[in-house]
Amino acid sequence: MNKRTVIVSGGALDEKFAIDILKSEETEFIIGADHGLVFLYEHGILPDYIVGDFDSTPEEIVSYYRERTNIPIRKFNPVKDASDTEIALRFGLELGRKRILLAGATGSRADHLWANVQCLKMALDAGADVRIVDSYNQIRLLDHGVTLKKKEAYGPYFSVFPLSGTVLDFSITGAKYPLSHHVLTPYDSLCVSNEFAEDEVEISFPLGVVVLMETRDVPIYIDDKI
């Protein structure tokens, strides 16, 4: 089985949710990205690699990992052209990791969240399955159709947004709000908060890139859904 890599960034982290992911048997490699290192340090979890400019991480924590562990550290100049999350993701892809979860990639900063969503495109181009996850949301990019199974769904709701401009011939079947050969545009909220009507939902389109968000109102902490 292709086990996963988890990148821990500096956004919002539900403690139980994050620990369940990090300590799961499904997780074999952990990358601490800048302020995400604080969460790892506070919970006694050793990452396999550390990256960032560390402008938002207490020096004593960085010093601990530098002086008391053998964990490789890549430090970058704070004046750089990429976020710490993007740097960590690029590094994971360089290592050949094909299944990656980004934890701590959501939170109060909408600009950071959107930057992280856009960074998923590099993973898509590399043939990797990379998803932003928190206790309420799972976000990924698609460049082809997908089947969503109700029994395996991250939550009861799903939303779709075009990332690459207008998407032609877009269809959804098996959902409460189906679409057939629709022209999906980035200028409305038509595909927000759809639901399952059948056991399986089919999303199909021939060309383009869309953002798929699977969401729920109440966290359920079931690890086999991520």
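Presented here is an overview of the structure given in this document. (Residues numbered from 1 in each chain as written. Predicted model: local features only at pLDDT ≥ 70, side-chain atom pairs only at ≥ 80, totals over all residues. Heavy atoms only, no water.)

As for a negative patch on the surface
A cluster of like negative charges, contributed by Glu152, Glu198, Asp199, Glu200 and Glu202, occupies part of the molecular surface. Along the chain, Asp199 falls in the loop between strand 12 (194-195) and strand 13 (200-204). A residue is classified by how much of its surface remains accessible, and Asp199, at 61% relative accessible area, is exposed. (Patch = residues over 30% accessible without salt bridge, like charges linked within 9 Å, V, L, I, M, F, W, Y side chains within 5 Å. Areas by Shrake-Rupley, 256 points an atom, 1.4 Å probe, with all protein chains shown as cover. Salt bridge = Lys/Arg side-chain N within 4 Å of Asp/Glu carboxyl O. Lys, Arg positive; Asp, Glu negative; His and termini not counted. Charge placed at Lys NZ, Arg CZ, Asp CG, Glu CD. Helix = DSSP H or I, 4+ residues; strand = E, 2+ residues; numbered from the N terminus. Buried < 20%, exposed > 50% of the residue type's maximum accessible area, 1.4 Å probe, protein only.)

Topic: the packing of helix 4 (residues 84-94) against helix 5 (residues 110-125)
It is at 10 Å that the axes of helix 4 and helix 5 come closest, and there the two elements cross at 15°. One finds that helix 4 runs roughly parallel with respect to helix 5. Viewed along their axes, helix 4 and helix 5 form a crossing whose handedness is right-handed. Residues Thr85, Glu86, Leu89, Arg90 and Leu93 of helix 4 form the contact with helix 5, whose own contacting residues are Asn116, Cys119, Met122 and Ala123. Its residues placed into classes, the contact of helix 4 with helix 5 shows five nonpolar, two polar and two charged. (Axes fitted to C-alpha atoms, helices over the stretch in contact; angles between N-to-C directions. Parallel < 35°, antiparallel > 145°, perpendicular 65-115°, else oblique. Left-handed = near helix turned anticlockwise from the far one by under 90°. Contact = heavy atoms within 4.5 Å. Nonpolar A, V, L, I, M, F, W, Y, C, P; charged D, E, K, R; others polar.)

Description of the nonpolar core
The tendency in soluble globular proteins is for nonpolar side chains to be buried side by side. Formed by 27 residues in total, the largest nonpolar core has its most connected members in Ile7, Ile31, Val51, Leu89, Leu102 and Val130. Secondary structure elements with two or more residues in this core: strand 2 (27-33), strand 3 (49-52), helix 4, strand 5 (99-103), helix 5, strand 6 (129-133) and strand 7 (137-142). Ranked by the residues each element gives to this core, the list is headed by helix 5, at six residues. Residues contacting Ile7, with those up to four places away along its chain left out, are Ile31, Ala33, Ala88, Leu89, Ile100, Leu101, Leu102 and Ala103. In terms of nonpolar packing, the next biggest core, distinct from the first, is built from 22 residues, Ala18, Ile21, Tyr65 and Ala103 among them. (Core = buried A, V, L, I, M, F, W, Y, C linked by side-chain atoms within 4.5 Å.)

Structural notes on the sheet that holds strand 8 (residues 146-149)
A sheet is described by the order of its strands in space; here four strands give the open sequence 8-13-10-11, paired in antiparallel fashion. Only two strands of the sheet have a single neighbouring strand rather than two, namely strand 8 and strand 11 (179-184). Pairs of neighbouring strands in the sheet enclose a mean axial angle of 20°, with direction left out of account. Sheet analysis places strand 10 (residues 167-173) next to strand 13, joined by three bridges and oriented antiparallel. Directly across from Ser171, in strand 13, lies its bridge partner Ser204. (Pairing = 2+ DSSP bridges.)

A short note on unusual backbone geometry
The backbone of Asp169 sits at a positive phi, close to 55°, despite the residue not being glycine. Among the secondary structure elements, Asp169 is positioned in strand 10. Classification of Asp169 as partly exposed rests on a relative accessible area of 33%. Non-glycine residue His181 carries a positive phi angle of around 50°.

Thoughts on the pattern of salt bridges
Following the criterion strictly, the structure yields 11 salt bridges and no others. One salt bridge in this structure joins Glu94 and Arg74, with 3.8 Å as the shortest N-O distance. Of this pair, Glu94 sits in helix 4 while Arg74 is found in strand 4 (residues 73-75), placing the two residues 20 residues apart along the sequence.

Overview of the pairing of strand 3
Every second residue of strand 3 is oriented toward a common face, with Tyr49 and Val51 on one face and Ile50 and Gly52 on the other, all of them buried. Examined bridge by bridge, strand 2 and strand 3 share three bridges and lie parallel to one another. Paired with Ala33 across the bridge in strand 3 is Val51. Handedness of the crossover joining strand 2 and strand 3 through helix 2 (residues 36-42): right-handed. (Right-handed = clockwise from strand over helix to strand, strands pointing away.)

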